[in-house]
Amino acid sequence: MASQPIKFFQTGTFTIGNRLLPEAARSIQSDPLRANSLNCGHRACQGCGEALGARYAIDAAIRAAQGKLIVANATGCLEVFSTPYPESSWQIPWMHSLFGNAAAVATGIAAAMKVKGRTDVRVVAQGGDGGTADIGLACLSGMFERADDVLFICYDNEAYMNTGVQRSSATPPAARTATTPATGGQRGARFGQGKNLPLIAMAHHISYVATASVGDLRDLEAKVEKAIGMGGARYIHVHVPCPLGWGSAPHDTIKVARAAMESGLFPIMEAEHGEVIGRRLIRKKLPVEEYLKLQKRFAHLFSPVRDAAAIAAIQAIADGNIRKFGLMEEHQQ
Amino acid sequence: MRKQIEGSRAVAETVALCRPQVICAYPITPQTHIVEALGEMAGSRNLQPCEFINVESEFAALSVAIGASAAGARAYTATASQGLLYMAEAVYNASGLGLPIVMTIGNRAIGAPINIWNDHSDSMALRDAGWIQLYAETNQEAADQHIQAFRLAEELSCPVMVCMDGFILTHAYEPVDIPVQQQVDDWLPAFDPRQVLDPAEPISIGAMVGPEAFLEVRYLAHHKQVRALERIPQLSEDFRKSFGRDSGGLLRSYRVENAETIVVALGSVNGTIQEVVDEMRVHGHSIGSLSITCFRPFPREALRAALAGARRVVVIEKSLAVGSGGILSADVQMALAGRGTRLYTVIAGLGGRAVTRTSLQRCFEQAIADRLELLTFLDLDTRLIIRHLERERLRRRSGPVAENLLHDIDLIAAQIG
Ligand SMILES: Cc1ncc(C[n+]2csc(CCOP(=O)(O)OP(=O)(O)O)c2C)c(N)n1
Ligand code: SF4
Ligand SMILES: [Mg+2]
């Protein structure tokens, strides 16, 4: 890494300035020579968490793979905003086939690399929560079960954004989407057991499963780098706020993502071979309200009257996550 | 080497000689013996290096082939019937992207009612998906068409389906000449892709295209198939020179000289038709037949020329455009445009119904006498139809059709017995 001898101090924050870290631990984005996989020219909305997450994830993957990376992309916002000809923003060999088959296409690419003896080339598949947890789940599970040499990255914005914000199986309870309205007697998406893709991935006992968030980009980069270095099937699930679909301010994307982590609603952890080996501890626990209030998709929980029962139910989900993944162990001990 | 061998095995051994690098397999009758044989060969003999991948669905099978092909590997898969429909979205995708995948179809009916036997409903459902579709008349031809298919697909960057009749070919033991490795290596060059996912030269494949160029992309796909109309006969000729036998091509005629009546069909039923032609020629009928070995692209000009002397054409079809009639005959009609030729469409052999010589001969004789219905369903059991229509007339809740018909068959059989 090209280093810059600059002294940089920050106060009143939990973030350590990148340049205060040892070189090996520095963010890839702080390297002036970093790859820039997703170039300017793409058409994402202002403040798009998915664009940010994909850029950091793929830049990290490129570095870890020493430039030898091939990406298969599912249909969805990321694919659409990054590729209308002639403005393809990808600086890597990149392929889009269908909505539900990114994992299988990646399996094919990895198989081709294997027969050609190109073990140096790493393969990533990526898609939205719909392309991962719903229509793409069969192909993904097949790829996991066969332990194909593919890293699948899911950018979870908790709905089908590309088609206009419809509910997916990753849409959280109470969230308003175009197909789970909050009008009349309806109160947004129903409360259910959810569909936890990281846990489903872990149940396949694949070599690596991690969650990450654009609220902690350094953690995302580190996990991608680690995953690229491993073999077999690997899965990273990245929480990416969508200002358009969530009704959050474009400049609040990181704030919203951090509130999800700090409330316990989006637990950050990593697992190897089906067992959790690490988690990102919550430093200062936020009530879920702080997260919900930033987003218009939850506005009906606060006006015209406060829906205390729903908010309490969501708080219970966050508290459950904290217990289950031990997100506050330090504080509890 | 010529040997007595099952059709599926012959195809598998020939495919192996083509050195596929990635094979994706998902089982469905009557395709299973092909992928089983390839699975057995993978990891041994000529099939190295090759990745044989047992996937979780046909949709995944073709998707894996798409990824492999885009990454520059020679990719192969096989399916039939429900499996082909299950991968339909990927079928269009592979051709839209111009990926030269070769896929065997062990032709089988489509449910409901679920039926494992042969007809052409499956490949016909995807005839306009942008794949070249070859139809084999014999197992020898099926095997040979695979060698030609890989060469054609890769030359044109266009996927190819080789369609062989389920059971009738896939499970039939016939003598088949399987070439030796050197022969195939000499004839089939290594895959040199037009586009490839390669970190040394990054490209985007499969990006979004709007109205400004979509028509042109489609036109080029059509143009490619039109070019294939020239290339397919050349390859067949080239194949004959190297392997010493006629296989493939666009169409093959049988005793059509001065024939007033010409029968047109796809696939193995041509064997039976030719026997009937022989028999009827003995009795002085001027009849011949024509086997279409390449259905997409449709050889309209070649067919028009081959049918030039015919007064009437009888199309034997193993598929049905429900609510319309014939599928193949619609294309044949276009080839006959502007001529006064009479065209009869005969729907035959659906769901494995035997297409017998007796029935064909009766049908052809009626055609020659110009007494055949323009749309005929060969050997349709009208007693069953009448009984069922009557049942529907009498009762609102008449129940499931297929189950009722099976029940009626038993009743009728009991009455006869
Ligand atoms: C088979 C199929 N069904 C539906 C669609 C329409 N479609 C395209 S993108 C999309 C939503 C994508 O949602 P997600 O995977 O969550 O990605 P996001 O756009 O939210 O990033 C849908 C429903 C499609 N392209 N293909
Ligand atoms: S809709 Fe959401 S995910 Fe899609 S580009 Fe806009 S912000 Fe990004
Ligand atoms: Mg989404």
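See above for the structure.
Here the residue index of a chain counts from 1 through its sequence in written order. To label them, take the chains in the order written and letter them from A, then take the ligands in the order written and number them from 1. Reporting of local features is limited, given that this is a predicted model, to residues whose pLDDT is at least 70; pairs of side-chain atoms are given and counted only at 80 or more, and all residues count toward the totals for whole chains, interfaces and linings. For the side-chain quantities, the full set of heavy atoms in the structure was used; hydrogens and water were omitted.

Report on the overall build of chain A, specifying residues and quantitative values.
Assigned secondary structure in chain A consists of 12 helices and 8 strands. We take the radius of gyration over the C-alpha atoms and set the globule estimate at 2.2 Å times the residue count to the 0.38 power. In terms of C-alpha radius of gyration, chain A reaches 19 Å, essentially the compact-globule figure of 20 Å for 333 residues. In terms of principal-axis extent, the alpha carbons of chain A reach across some 60 × 45 × 40 Å. Partitioning the intrachain contacts of chain A with sequence separation of at least 6 by distance along the chain shows that 70% fall at a separation of at least 24. Here the open area of atoms and residues is found with the Shrake-Rupley method and a 1.4 Å probe, where only the protein chains shown may cover a residue. With an accessible surface of roughly 13600 Å², chain A has 54% of that area assigned to carbon and sulfur atoms. Helix numbers and strand numbers start at the N terminus; a helix is a DSSP run of H or I with at least 4 residues, a strand a run of E with at least 2. Contact between two residues is taken to exist if any of their heavy atoms lie within 4.5 Å; hydrogens are not considered.

I'd love a proper account of the nonpolar core, names of residues and values included.
Grouping buried Ala, Val, Leu, Ile, Met, Phe, Trp, Tyr and Cys residues that are joined through side-chain atoms within 4.5 Å yields what is termed a nonpolar core. Think of it in three bands: residues with accessible area under 20% of the maximum for their type are buried, residues over 50% are exposed, and the middle band is partly exposed, with areas taken using a 1.4 Å probe on protein chains only. Judged by nonpolar contacts, the single largest core of 96 residues is most densely connected at Tyr235(A), Ile66(B), Val91(B), Val264(B) and Val332(B). An automatic or database domain assignment supplies the residue ranges for each domain. Here this core spans two domains, since at least three of its residues come from each of domain 1 (2-243) and domain 2 (251-377) of chain B. Formed by 49 residues, the second largest nonpolar core is a distinct cluster that contains Ile5(B), Ala37(B), Ala78(B) and Cys158(B).

Can you lay out the interface of chain B and chain A for me, pointing to particular residues and giving the numbers?
In this assembly, 36 residues from chain B lie in contact with 38 residues from chain A. A buried area of about 2800 Å², summed over both sides, lies between chain B and chain A, and 65% of it is on carbon and sulfur atoms. In what follows, salt bridge is the name for a side-chain nitrogen of Lys or Arg lying within 4 Å of a carboxyl oxygen of Asp or Glu. In this structure, the connection of chain B to chain A is made through 2 salt bridges. Between Lys114(A) and Glu51(B) there is a salt bridge; the shortest N-O distance is 3.5 Å. Every element with two or more residues in the side of chain B that touches chain A is listed here: strand E3 (51-54), helix H3 (58-70), helix H5 (88-96) and strand E9 (204-205) of chain B. Take the side of chain B that touches chain A: its biggest share by element is 8 residues, from H3(B). The classification used treats Ala, Val, Leu, Ile, Met, Phe, Trp, Tyr, Cys and Pro as nonpolar, Asp, Glu, Lys and Arg as charged, and all other residues, Gly among them, as polar. The residue makeup of the side of chain B that touches chain A, split by class, is 24 nonpolar, 8 polar and 4 charged. What gets called buried area is simply the loss in accessible area from a 1.4 Å probe that two parts show on being joined, summed for both.

Hey, could you go over the packing of helix H1 (residues 49-64) of chain A against helix H7 (residues 217-228) of chain A for me, with residue numbers and the actual values?
Residues and elements named next belong to chain A. Helix axes are fitted only over the stretch in contact, all axes being lines through C-alpha atoms; the angle between N-to-C directions runs from 0 to 180 degrees. Orientation of H1 relative to H7, taken along the N-to-C sense of each, is 40°, at an axis distance of 8 Å. Considered as vectors, H1 and H7 are oriented oblique to each other. Between H1 and H7 lies a crossing of right-handed hand. Here Leu-52, Gly-53, Tyr-56, Ala-57, Ala-60, Ala-61, Arg-63 and Ala-64 of H1 lie close against H7, whose contacting residues are Leu-217, Leu-220, Glu-221, Val-224, Glu-225 and Ile-228. Here the contact of H1 with H7 is composed, by residue class, of 10 nonpolar, 1 polar and 3 charged. Roughly parallel means an angle under 35 degrees; roughly antiparallel means over 145; roughly perpendicular covers 65 to 115; every other angle is labelled oblique. When the near helix sits turned anticlockwise from the far one by under a right angle, the crossing is termed left-handed; a clockwise turn instead gives a right-handed crossing.

Got a sec to walk through helix H10 (residues 269-282) of chain B? Specific residues and values, please.
Residue and element names in this part refer to chain B. For a helix, the expected span equals 1.5 Å multiplied by the residue count minus one. The first and last C-alpha atoms of H10 sit 20 Å apart over 14 residues, in line with the 20 Å expected at 1.5 Å per residue. For H10, the set of buried residues is Val-269, Asn-270, Ile-273, Gln-274, Val-276, Val-277 and Met-280. Buried residues along H10 cover an arc of 165° about the axis, so they all sit on one side. On its buried face, H10 is in contact with strand E7 (160-165), strand E10 (251-254), strand E11 (261-266), strand E12 (287-292), strand E14 (312-317) and helix H13 (357-368). One or two residues past the end of H10 sits Gly-284, with phi positive at roughly 85°. Here, the arc refers to the directions that run from the helix axis to the C-beta atoms.

An account of the site of ligand 2 is requested, with residue identities and associated values reported.
All names here are of chain A. Throughout, near means a residue has at least one heavy atom within 4 Å of the molecule or strand. Ligand 2 sits among Ala-44, Cys-45, Cys-48, Cys-77, Phe-81, Asn-157, Cys-242, Pro-243 and Leu-244. For the shell around ligand 2, the elements supplying multiple residues, two or more each, are helix H2 (77-82) and helix H8 (243-246). Its residues placed into classes, the shell around ligand 2 shows 8 nonpolar, 1 polar and no charged.

Lay out the site of ligand 1 in plain terms, naming residues and giving numbers.
Around ligand 1 sit 17 residues, and of these Glu50(A), Cys77(A), Gly130(A), Gly131(A) and Ala159(A) come closest. Positioned at a junction of chains, ligand 1 has nearby residues supplied by chains A and B. Here Cys77(A) contributes a backbone N or O atom positioned 2.8 Å from an oxygen atom of ligand 1. The definition of a polar contact used here is a pair of N or O atoms within 3.5 Å, where within protein one atom must be able to donate a hydrogen and the other to accept one, and adjacent residues in sequence count solely through side-chain atom pairs. Gly131(A) is positioned such that a nitrogen or oxygen atom in its backbone is 2.8 Å from an oxygen atom of ligand 1. Burial of ligand 1 by the protein chains amounts to 77% of its free accessible area of 590 Å².

Could you give me a rundown of the coordination of the magnesium ion (ligand 3), with the residues and numbers involved?
All names here are of chain A. Each metal's donors are the N, O and S atoms within 2.8 Å of it, or within 3.2 Å when it is Na, K or Ca, and because water is not part of the set, sites may look incomplete. Protein-derived coordination of the magnesium ion (ligand 3) comes from Asp-129 (OD), Asn-157 (OD1) and Ala-159 (O), at a distance range of 2.0 to 2.1 Å. In primary-sequence terms, the residues that donate to the magnesium ion (ligand 3) follow D-x27-N-x1-A. Residue Asp-129 is located in helix H4 (residues 129-134), and its partner Ala-159 is located in the loop between strand E4 (151-156) and helix H6 (197-203); the two are separated by 30 residues in the primary sequence. Taken individually, Asp-129 and Ala-159 each receive the classification buried, so the pair is uniform in this respect.

Provide a residue-level description of the packing of aromatic side chains, including the pertinent values.
Residue and element names in this part refer to chain B. Here a Phe, Tyr or Trp ring, Trp counted by its six-membered ring, pairs with any other such ring whose centre lies within 6.5 Å, and the pair is stacked when the planes are under 30 degrees apart, edge-to-face when over 60, and tilted otherwise. Tallied over the full model, the rule gives 12 aromatic pairs over all chains. Geometrically, the ring pair formed by Phe-295 and Phe-298 is edge-to-face, given 5.8 Å between the ring centres and 85° between the ring planes. Given the relative accessible area of 0%, Phe-295 is considered buried. Note on Phe-298: relative accessible area 12%, which makes it buried. A positively charged side chain is recorded as over a ring if its NZ (Lys) or CZ (Arg) lies within 6 Å of the ring centre. The angle to the ring normal must also be within 35 degrees. Residue placement shows Arg-151 over the ring face of Trp-187; its charged tip is 4.3 Å from the ring centre.

Would you mind going over unusual backbone geometry in detail, with residue names and values included?
The residue after Gln48(B), namely Pro49(B), is reached through a cis peptide bond having omega 0°. With respect to the element layout, Pro49(B) can be found in the loop between helix H2 (32-41) and E3. Between Ala112(B) and Pro113(B) the backbone carries a cis peptide bond, its omega angle lying at -5°. Structurally, the position occupied by Pro113(B) is in the loop between strand E5 (102-107) and helix H6 (121-125). One non-glycine residue, His205(A), lies in positive phi territory at about 55°. At Ser81(B), a position not held by glycine, the phi torsion is positive, near 45°.

Go over the sheet that holds E7(B), please, and point to the residues and values.
All names here are of chain B. If DSSP finds at least two bridges between two strands, the strands pair. Read across the sheet, 7 strands follow the order E3-E2-E4-E5-E7-E6-E13 without closing on themselves; strand pairing throughout is mixed. Unpaired on one side and paired on the other, E3 and strand E13 (294-296) mark the two borders of the sheet. For this sheet, the mean angle separating the axes of adjacent strands, direction not counted, is 20°. Of the strands in this sheet, strand E4 (75-79), E5, strand E6 (132-135) and E7 are in contact with helix H7 (residues 139-156), which crosses E7 at around 170°.

No statement about biological role is implied by the geometric values presented.
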